[in-house]
Each structure stands twice: as C-alpha cells, then as structure tokens.
Amino acid sequence: MLDALLIFGAVATLVFVGVNIRKSQIKTSDAVFWFVFVACLLILALFPQIAFVLSDLLGFQSPSNFVFLAIVAILLIKEFTASVEIAKLKSKVTYLVQEVALMEDEREGRK
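Residues numbered from 1 in each chain as written. Predicted model: local features only at pLDDT ≥ 70, side-chain atom pairs only at ≥ 80, totals over all residues. Heavy atoms only, no water.

Participant: Requested: an account of the environment of Ile43, with residues and values cited.
Facilitator: Position of Ile43 among the secondary structure elements: in helix α2 (residues 28-46). For Ile43, a relative accessible area of 41% gives the class partly exposed. Considered as a pair, Ile43 and Leu76 are 33 residues apart in the sequence and their alpha carbons are 21 Å apart. (Helix = DSSP H or I, 4+ residues; strand = E, 2+ residues; numbered from the N terminus. Buried < 20%, exposed > 50% of the residue type's maximum accessible area, 1.4 Å probe, protein only.)

Participant: Account for the layout of surface pockets, naming residues and giving values.
Facilitator: Quantified by volume, the largest pocket comes out at close to 160 Å³. Lining the largest pocket are Phe37, Cys40, Leu41, Ile43, Leu44, Leu54, Phe66, Val67, Ala70, Ile71 and Ile74. Of all elements in the fold, only α2 and α4 (63-110) reach the threshold of two or more residues within the lining of the largest pocket. (1 Å grid on protein atoms, 1.4 Å probe; cavity = no way out; pocket = protein on both sides within 12 Å on 5 of 7 lines; lining within 4 Å. Points joined across faces, edges and corners; volume = space filled by probe spheres on them.)

Participant: Got a sec to walk through a nonpolar patch on the surface? Specific residues and values, please.
Facilitator: A surface patch of nonpolar side chains, amounting to about 730 Å² of accessible area, comprises Ile7, Val11, Val15, Val19, Leu42, Ile43, Leu46, Phe47 and Ile50. Put simply, the parts of the chain that give the nonpolar patch at least two residues each are α1 (2-22) and α2. Ranked by the residues each element gives to the nonpolar patch, the list is headed by α1, at four residues. Classification of Val19 as partly exposed rests on a relative accessible area of 38%. (Patch = residues over 30% accessible without salt bridge, like charges linked within 9 Å, V, L, I, M, F, W, Y side chains within 5 Å. Areas by Shrake-Rupley, 256 points an atom, 1.4 Å probe, with all protein chains shown as cover. Salt bridge = Lys/Arg side-chain N within 4 Å of Asp/Glu carboxyl O.)

Such coordinate-based values are descriptive only and should not be taken to indicate function.
The structure is reproduced here in structure tokens:
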C-alpha cells in the first residue's frame, strides 16, 4: 500500500510541476527541488527496504511513519526557505517603492 501511495504521489507531483513549468509559473531552481523530491519518492517506492532499514535505525515503529515524517520535514524546510525568500522580496519591493516615490517627488519639484 505504501509503495502505491508513494508512486501515486510522485507521479502527481511530477505532473503538477511539469504543468507549472510549461506555464512558466515556477523557477528552475524550484523545479530542480521538486524533481529531486519526486526522485526520492520513487526510490523509496521501488526499494522499500530503504525505509525499513532507516526506520529501524532511527527507532520508528513503522516505515510509513518514517516516510511521512521525512516528507513533512522536507516540506517544512522548503516552506521556511520560501518564507525567507518572500521576506527578502517584500523588503526589495518596499525599497523600490520608496525610490520611485522619491524620484516622482523630485520630478514634480522641478516643474
């Protein structure tokens, strides 16, 4: 069951990323992250013994718990980096708006 779920999730993610790349709604660096993420899901689906070994090594009761925790952790890290990038972009937009306002004020002052 876990194998089928991972394969379905990987294919669905791959299709979603492909559609967004085609529409130019995603950056190349983000697309690379998602392709690597999909590759990891497929590796876990094709070689489930990896999840069993890692879950035993880390003390999880079942491999599915390990897989879901790993996916949630990866997505939380991605969300955090996206939040940092958004904060930087907001700061840049604020700076640019202030610069444009000053330039317009200067131009109106000369008239």
